[in-house]
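Single-letter residue listing:
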Amino acid sequence: VTPNTGGIMKHRISRPFTFILVLLAMNLMGTALAATKEDFVGKWKGDGTFVSAGETDQLSVIMVLKIDGDELSGTVDIGTSAPTSISGTVENSVFIFDWPNPDPANPDCANWDVTGRATLNETHHIMELKVNGIFCGPSGGNPGSFEGLLYKQTNPSGILFLLLLN
């Protein structure tokens, strides 16, 4: 007597085939983890913590990046400061950039030396931003650091396009 399966046939996947599927999935996951400069392009918003001279501030961040030849360039606005132009390169999935001195004529900024690093999560929609160095402060500057998470913003024209398709 054959049991009634309602017309559904049960298929069993062979072990070698399963092993190949697992290897293929692992390879695709590894590929998805590597970030290119194209993955950093766009508008990013988030919050972070700035620490300098024993003081801590929570600050909002907006970063806009575009491809400029072999580099990324754009602007960063941390807190209430005016947007600062930055440019840098992506090496081993890390965006590395110098942060230019915002006020070179100011004696409190005489020792300014600030660099930044940004990495993306596996979906490339969350950015971890770290900025470190000597910031403006008494006697030419103070060591400081900023760490925050930024989230890729949805392209409004892309949403409009999807709405028009429906």
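Please read all numbers here as calculations on a predicted model, not as lab measurements.

A. Here's a closer look at the pairing of strand S6 (residues 113-120). Only one face of S6 is buried, namely the one carrying Val 114, Gly 116, Ala 118 and Leu 120, since none of Asp 113, Thr 115, Arg 117 and Thr 119 on the opposite face is buried. In this sheet, strand S7 (residues 126-135) lies alongside S6 in antiparallel orientation, the contact comprising eight bridges. Looking across to S7, one finds that Leu 120 is bridged to Met 127. In this antiparallel pair of consecutive strands, S6 and S7, the connection spans five residues, and His 124 shows a positive phi of 65°.

B. The packing of aromatic side chains, seen in detail. For the structure on display, the rule yields five aromatic pairs. With 6.5 Å between their ring centres and 40° between their planes, Phe 97 and Trp 99 make a pair best called tilted. No difference in accessibility class separates Phe 97 from Trp 99, as the two residues are buried. Chaining the aromatic ring pairs together yields one cluster made of Phe 40, Phe 95, Phe 97 and Trp 99.

C. Representation of the nonpolar core within the structure. Within the largest apolar cluster, 24 residues are counted, with the highest numbers of intra-cluster contacts made by Phe 40, Met 63, Met 127 and Leu 129. Counting residues per element, the ones that place at least two in this core are strand S1 (42-52), strand S2 (55-68), strand S3 (71-78), strand S5 (94-99), S6, S7 and strand S8 (142-152). Broken down by element, the residue count for this core peaks at four residues, all from S7. Excluding residues that lie within four positions of it along the chain, Leu 129 makes contacts with Val 61, Met 63, Phe 97, Arg 117, Ala 118, Phe 146, Glu 147, Gly 148 and Leu 150.

D. Layout of the sheet that holds S2. Strand order in the closed barrel formed by eight strands is S1-S2-S3-S4-S5-S6-S7-S8, and the pairing between neighbours is antiparallel. In this sheet, adjacent strand axes meet at a mean angle of 25° when their direction is disregarded. Sheet analysis places S2 next to S3, joined by eight bridges and oriented antiparallel. Across the sheet, Asp 68 pairs through a bridge with Glu 71, a residue of S3.

E. Summary view of the pattern of salt bridges. Using the criterion set out here, one finds one salt bridge in the structure. One salt bridge connects Glu 128 with Lys 130, and the closest N-O pair in it is separated by 3.8 Å. Take Lys 130: its relative accessible area is 32%, and that puts it in the partly exposed class.

The rules behind these values
- Residues numbered from 1 in each chain as written.
- Predicted model: local features only at pLDDT ≥ 70, side-chain atom pairs only at ≥ 80, totals over all residues.
- Heavy atoms only, no water.
- Buried < 20%, exposed > 50% of the residue type's maximum accessible area, 1.4 Å probe, protein only.
- Helix = DSSP H or I, 4+ residues; strand = E, 2+ residues; numbered from the N terminus.
- Pairing = 2+ DSSP bridges.
- Phe/Tyr/Trp six-rings, centres within 6.5 Å; stacked < 30°, edge-to-face > 60°.
- Core = buried A, V, L, I, M, F, W, Y, C linked by side-chain atoms within 4.5 Å.
- Contact = heavy atoms within 4.5 Å.
- Axes fitted to C-alpha atoms, helices over the stretch in contact; angles between N-to-C directions.
- Salt bridge = Lys/Arg side-chain N within 4 Å of Asp/Glu carboxyl O.

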